[in-house]
Amino acid sequence: MDFSSFLTSLGTSFLIFIVLMLLFAWLSTRQGNAVVYYPNRILKGLDPWEGGSRTRNPLAWIRESLTSSEQDVINMSGIDTAVYFVFLSTVLGILVLSGIVLLPVLLPIAATDDGVRKNTKTTSNGTFNDLDKLSMANIEEQSPRLWAFLGSTYWVSVVSYILLWKAYKHASALRAKALMSPDVKPDQFAVLVRDLPNVTQGQTRKEQVDSYFKSIYPDTFYRSMVVTKNKEVDKIWGELEGYKKKLARAEAVYTASMERGNSEGTRPTNRTGFLGLCGKKVDSIEYYNEKIKEVTRKLQAEQKVTLREKQLGAALVFFTSRVSAALAAQSLHAQMVDRWTVTEAPEPRQLIWSNLTIKFFERITRQYIVYVIVLLTVVFFMIPIGVISAFTTLENLRRFLPFLKPIVDLEAIKTVLEAYLPQLALIIFLALLPKFLLFLSKAEGIPTESHAVRAASGKYFYFSVFNVFIGVTVGGTLFSTLKTIEKDPNSLIPLLAKSLPSNATFFLTFVALKFFVGYGLELSRLVPLIIYHLKRKYLCKTEAELKEAWFPGDLGYGTRVPGDMLIITIVLCYSVIAPVIIPFGVLYFALGWLILRNQALKVFVPSYESYGRMWPHMHTRIIGSLLLFQATMLGYIGAMKFYYTPILIPLPILSLVFFFVCRKKFYRAFCHTALEVASQELKETPHMEQIFKSFIPPSLSSEREEDEQFDDALSHVSRTGSSV
């Protein structure tokens, strides 16, 4: 990529960002768009604009984001979001402190050497000489100037250790403060019990669970809820909910027809056949009312069958004390590890009911099978990504597709292709993965949504690092130097080492595209806005349908965190080789902090609350990025034949020791609730029956308050007393 293409890419991305920001400033003040730009505030009953949409400063969101406190974020979006901002702040701090030293020290040292003229392999394949002179590509082999780059590697590492230690302490304190809250949280009074042994003859599953826990916790055991096979009852319940939605829609259509001037209105009709396209024509309101009555009777019958005959080998157990629940969750209950496995219960909305009854050894088997599938996915995806990396350079397009030469040689097309083609191809390719990885994570037998998201996030991160960072670097090098490697296989390692700076401009553009265009679209919310207005005009008839059309969802940790991790990996690995990438990394995380702060306060609604359990995974992956950075520098400086390269060998060891110490000191408090945290007093006595009912699946909930049908799978061992 030449200098003009790089500037075109950067300038166009910046221009797009400015346009999108101005669009946001205008669109967010329109009354009809409030549900798209301020849904979180609306759902909490707050005024979207705080001062009126007409008189509001278009840039007020920047001031509000900058002045908002951590407690504001917690109040609006929960602990998980606050911990995500701890991650953003930490990474931003690492890059800022690294840049303060690396930019004024390394840039003059690199710029005043003469390696570019003597080396054939430069930072941008011999075309972008200005950037070449600001990187290690301009340093001669065995030059004493390499001491500065070696020392800078230590500086980046030490800064990372200090800030990551502080961040771990901060995240741990946030989690503890949330868990010791005096407010009653249902999940703190329950545990999830899996791997139940076979029941003895003459004993029900409910009696087995009740007698077991009542004997161990005689004073604080409340009651249990045996997990059932809900496939059929869920299907019927979904059918019932569908008819209720159709009835509400038919009634809304009928009401609208009366408001249009016809006092009697026009009653909606539909056909009862396939997809409403054939069959008998009936009055929709009457038909759906009849179907609701019919399916309700069917549901009630299936509920009784499910609760009595479809009990499975897992249960939720409730205690009147959150100390007892915390103690039970971290205790070994059976001599054999594959029986009576007890863990903390998640929030009711997080449970993946179908996974709760998967047995211990089956879960382990599934986990290893999924790991093999992910490994194969990583390996085989590297092939097409390497091909994309190689083919989407103009030189390779001319070489392998000569019929395109007249087109790609046109100045305007050439500039655009060089600026965007490789990056866009890569971003689109990566967008196909997240759902597949989430599916694989759930297939492991993971019991909660938040855990599945964390697992998918980890898979996506490793995939991104291997296929984007390593794949682009190795793929581009292998395609361009294949003949050299054939003649001299021993040249592979030095060629790979020297290929790092040759890809710097690709990653510079990639990071710029991610923060300017990516965050511009995030802020402007153009896609959700267009979809909402299309649905509102042509599809939505009821308030429930409208809410479904504008409901924003959460931050999307499963894809957002790995995306951020990929950027920090790229920036760290190039921070010393090509220090000019550091300002791009700072801009990415600074803009991310500012824009996502606004979205967390006003837009996104959390899907769950795991009290910061994502943090240890974030910390582990930052350490992984740091290790890759240290290994990269060790290999690259070694390839430059610098005699003192072994001085870098202690760094990876230090990183592993740091990781081990952090894990031993902090990690257990993220797996379990500390008893000193759980023992804090509550401001009110917990309503145990309410806590119990919050865990009943919607398909098994009865509209009748006193319904004896739940006496089978939902035991009733009432206690009058309750404590913290």
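Residues numbered from 1 in each chain as written. Predicted model: local features only at pLDDT ≥ 70, side-chain atom pairs only at ≥ 80, totals over all residues. Heavy atoms only, no water.

**Here we look at the overall build of the protein chain**
What counts, and what does not: In DSSP terms, a helix is any run of H or I states spanning at least four residues, a strand is any run of E spanning at least two, and both are numbered starting from the N terminus. When a residue's accessible area, from a 1.4 Å probe over protein chains only, is under 20% of the maximum for its type it is buried; when over 50% it is exposed; and in between it is partly exposed. Whether two residues are in contact is decided by their heavy atoms, any of which lying within 4.5 Å being enough. For the area figures, the Shrake-Rupley method with a 1.4 Å probe applies, and any residue is considered shielded solely by the protein chains shown.
A count of helices and strands for the protein chain gives 30 helices and six strands. A burial count over the protein chain gives 51% of its 724 residues as buried. For the protein chain, the proportion of contacts with a sequence separation of at least 24, taken over those separated by at least 6, is 82%. Carbon and sulfur atoms make up 62% of the accessible area of the protein chain, which totals about 33600 Å².

**Remarks on the environment of leucine 634**
With respect to the secondary-structure elements, leucine 634 resides in helix α27 (residues 615-639). Under the relative-accessibility criterion, leucine 634 is labelled partly exposed at 26%. On a C-alpha basis, the gap between leucine 634 and leucine 648 in space is 6.2 Å, while along the polypeptide they are 14 residues apart. The contacts of leucine 634, once residues within four sequence positions are left out, are Thr645, Leu648 and Ile649.

**Looking at unusual backbone geometry**
For glutamine 142, which is not a glycine, the phi torsion comes out positive at approximately 65 degrees. With relative accessibility at 41%, the residue glutamine 142 sits in the partly exposed group. In this structure, tryptophan 340 takes a positive phi of about 50 degrees despite not being glycine. Along the chain, tryptophan 340 falls in the loop between α13 (322-329) and β6 (341-344).

**Concerning the pairing of strand β5 (residues 311-319)**
Quick reminder of the rule: Should DSSP find at least two bridges between two strands, the strands are taken to pair.
Taken across its nine residues, β5 has seven buried, putting it largely inside the fold. Examined bridge by bridge, strand β1 (residues 190-194) and β5 share four bridges and lie antiparallel to one another. Within β5, the residue paired with valine 191 across the bridge is valine 317. Direction of pairing for strand β2 (residues 221-228) relative to β5: antiparallel, over a ladder of six bridges. Bridge pairing in β5 links serine 224 to valine 317.

**Some words on the packing of helix α25 (residues 557-575) against helix α26 (residues 581-602)**
Formally: Under this scheme, a helix contributes an axis fitted over its contacting stretch, all axes are lines through C-alpha atoms, and angles between N-to-C directions fall in the 0 to 180 degree range. Angular relationships are summarised with four words: roughly parallel below 35 degrees, roughly antiparallel beyond 145, roughly perpendicular across 65 to 115, and oblique for the angles in between. In this scheme the handedness of a crossing depends on how the near helix is turned from the far one: anticlockwise by less than a right angle means left-handed, clockwise means right-handed. Residues were grouped as follows: Ala, Val, Leu, Ile, Met, Phe, Trp, Tyr, Cys and Pro as nonpolar; Asp, Glu, Lys and Arg as charged; and all remaining residues, including Gly, as polar.
Interaxial distance between α25 and α26 falls to 8 Å at its minimum, and their mutual angle equals 155 degrees. By the angle between their directions, the pair α25 and α26 is classed as roughly antiparallel. Regarding α25 and α26, the two cross each other, and that crossing is left-handed. Between α25 and α26, the residues in contact are Arg560, Gly563, Asp564, Ile567, Ile568, Ile570, Val571, Tyr574 and Ser575 and Ile581, Ile582, Gly585, Tyr588, Phe589 and Leu596, respectively. Partitioning the contact of α25 with α26 into residue classes produces 10 nonpolar, three polar and two charged.

**Focus: the pattern of salt bridges**
Two side chains with opposite charge may pair up if their charged atoms get near one another. The condition is simple: A pairing counts as a salt bridge when a side-chain nitrogen of Lys or Arg comes within 4 Å of a carboxyl oxygen of Asp or Glu.
Considering all chains together, one arrives at 16 salt bridges under this definition. Between arginine 249 and glutamate 545 there is a salt bridge, with the nearest N and O atoms lying 3.0 Å from each other. Taken together, the residues arginine 249 in helix α11 (residues 231-259) and glutamate 545 in helix α24 (residues 543-550) connect sequence positions 296 residues apart. Take arginine 249: its relative accessible area is 28%, and that puts it in the partly exposed class.

**What to know about α11**
To be explicit about the condition: Helix span, expected: 1.5 Å multiplied by one less than the number of residues in the helix.
For α11, with 29 residues, the first-to-last C-alpha span of 42 Å sits near the 42 Å given by 1.5 Å per residue. Turning to α11, its buried residues number three or more, namely Val233, Ile236, Leu240, Tyr243, Leu247, Ala250, Tyr254 and Ser257. Where the residues of α11 are buried, they touch α12 (284-309).

**What to know about empty space enclosed by the protein**
Test applied: Only protein atoms enter the calculation, which uses a 1 Å grid: trapped sets of points that fit a 1.4 Å probe without letting it out are cavities, open sets showing protein on both sides within 12 Å along at least five of seven lines are pockets, and any residue with an atom within 4 Å of a point is a lining residue. Grid points are joined across faces, edges and corners, and a volume is the space filled by probe spheres set on the points.
Summed over all chains, the structure comprises five cavities of 30 Å³ or more. One number sums up the size of the largest cavity: a volume of about 70 Å³. Every residue lining the largest cavity is listed: Asp80, Val83, Tyr84, Ser450, Arg454, Tyr557, Tyr608, Ser610, Met614 and Met618. Listed by contribution, the elements that provide at least two residues to the lining of the largest cavity are α6 (79-111) and α19 (449-480). The element best represented in the lining of the largest cavity is α6, accounting for three residues. When grouped by side-chain class, the residues that make up the lining of the largest cavity number six nonpolar, two polar and two charged.

**Topic: a positive patch on the surface**
Our working rule: Like charges are joined within 9 Å and nonpolar side chains (Val, Leu, Ile, Met, Phe, Trp, Tyr) within 5 Å, but only among residues with over 30% relative accessible area and no salt bridge; these make up the patches. For this count, His and the chain ends are skipped, Lys and Arg are scored as positive, and Asp and Glu as negative. By convention, charge coordinates are those of NZ in Lys, CZ in Arg, CG in Asp, or CD in Glu.
A contiguous patch of positive charge on the surface is contributed by Lys229, Lys231, Lys235 and Lys298. Along the chain, the position of lysine 229 falls in the loop between β2 and α11.

**Some words on the packing of aromatic side chains**
For clarity, the threshold we go by: Here is the rule: rings of Phe, Tyr and Trp (six-membered ring for Trp) pair when centre to centre is within 6.5 Å. Planes less than 30 degrees apart are stacked, more than 60 are edge-to-face, and the remainder are tilted.
As enumerated under the stated definition, the model contains 33 aromatic pairs in all. Here tyrosine 84 and phenylalanine 85 contribute two aromatic rings whose centre-to-centre distance is 5.9 Å and whose plane-to-plane angle is 70 degrees, an arrangement assigned as edge-to-face. Here tyrosine 84 falls in the buried class, since its relative accessible area comes to 0%. Measuring from ring centre to ring centre gives 4.9 Å for tyrosine 588 and phenylalanine 589, while their planes differ by 85 degrees; the resulting arrangement is edge-to-face.

**Description of the sheet that holds β2**
Strand order in the open sheet formed by four strands is β2-β5-β1-β6, with antiparallel pairing between adjacent strands. Two strands lie at the open edges of the sheet, namely β2 and β6, each paired on one side alone. Between one strand axis and the next, the sheet turns through 25 degrees on average, direction left out of account. Here α12 sits on the sheet in contact with β2 and β5, set at roughly 90 degrees to β5.

**Focus: the nonpolar core**
Put simply, the rule is: Within this scheme, the nonpolar core is defined by two criteria: the residues are buried Ala, Val, Leu, Ile, Met, Phe, Trp, Tyr or Cys, and they are joined through side-chain atoms within 4.5 Å.
By size, the foremost hydrophobic cluster in this structure holds 122 residues, and its most contacted members are Met136 and Trp615. Ranked by residue count, the leading element in this core is α6, at 16 residues. Sequence-distant contacts of tryptophan 615, defined by excluding residues within four places in its chain, comprise Val83, Val86, Phe87, Leu164, Ala167, Tyr168, Ala171 and Phe670. Counting 32 residues, the second-largest nonpolar core is a separate cluster that includes Leu240, Leu299, Phe318 and Leu700.

**With respect to the packing of helix α5 (residues 70-77) against α6**
Remark: α5 packs on α6, axes separated minimally by 7 Å, with the N-to-C direction vectors making an angle of 140 degrees. Classified by the angle between their axes, α5 and α6 sit oblique to one another. Facing α5, whose interface residues are Glu70, Val73, Ile74 and Ser77, α6 presents Ile79, Thr81, Ala82, Phe85 and Val86. Partitioned by chemical class, the residues of the contact of α5 with α6 number six nonpolar, two polar and one charged.

**Quick notes on the side chain of threonine 645**
As a reminder, the rule being used: Whenever two N or O atoms come within 3.5 Å, that pair is a polar contact, provided that in protein one can donate a hydrogen and the other can accept it, and provided that, for residues adjacent in sequence, both atoms are side-chain atoms.
Mapped onto the secondary structure, threonine 645 falls in the loop between α27 and α28 (650-671). At 2.7 Å, the side chain of threonine 645 and the backbone oxygen of phenylalanine 642 are in polar contact.

**Regarding a nonpolar patch on the surface**
Where nonpolar side chains cluster on the molecular surface, the patch consists of Val372, Leu375, Leu376, Val379 and Phe380 and spans about 480 Å² of accessible area. Tracing the backbone through its elements, the reader meets leucine 376 in helix α14 (residues 360-391). By relative accessible area, which is 44% here, leucine 376 ends up partly exposed.

**What about the confidence of the model for the protein chain?**
Put simply, the rule is: How sure the predictor is of each residue is captured by pLDDT, a score from 0 to 100.
For the protein chain, per-residue confidence averages 84 on the pLDDT scale, and residues scoring 70 or more make up 82% of the total. Note that residues 120-128 has pLDDT below 50 and, in this model, 30 contacts with residues that lie over four places away or in other chains. Across residues 717-724, confidence stays below pLDDT 50; counting only partners more than four residues off in sequence or on other chains, it has 29 contacts.

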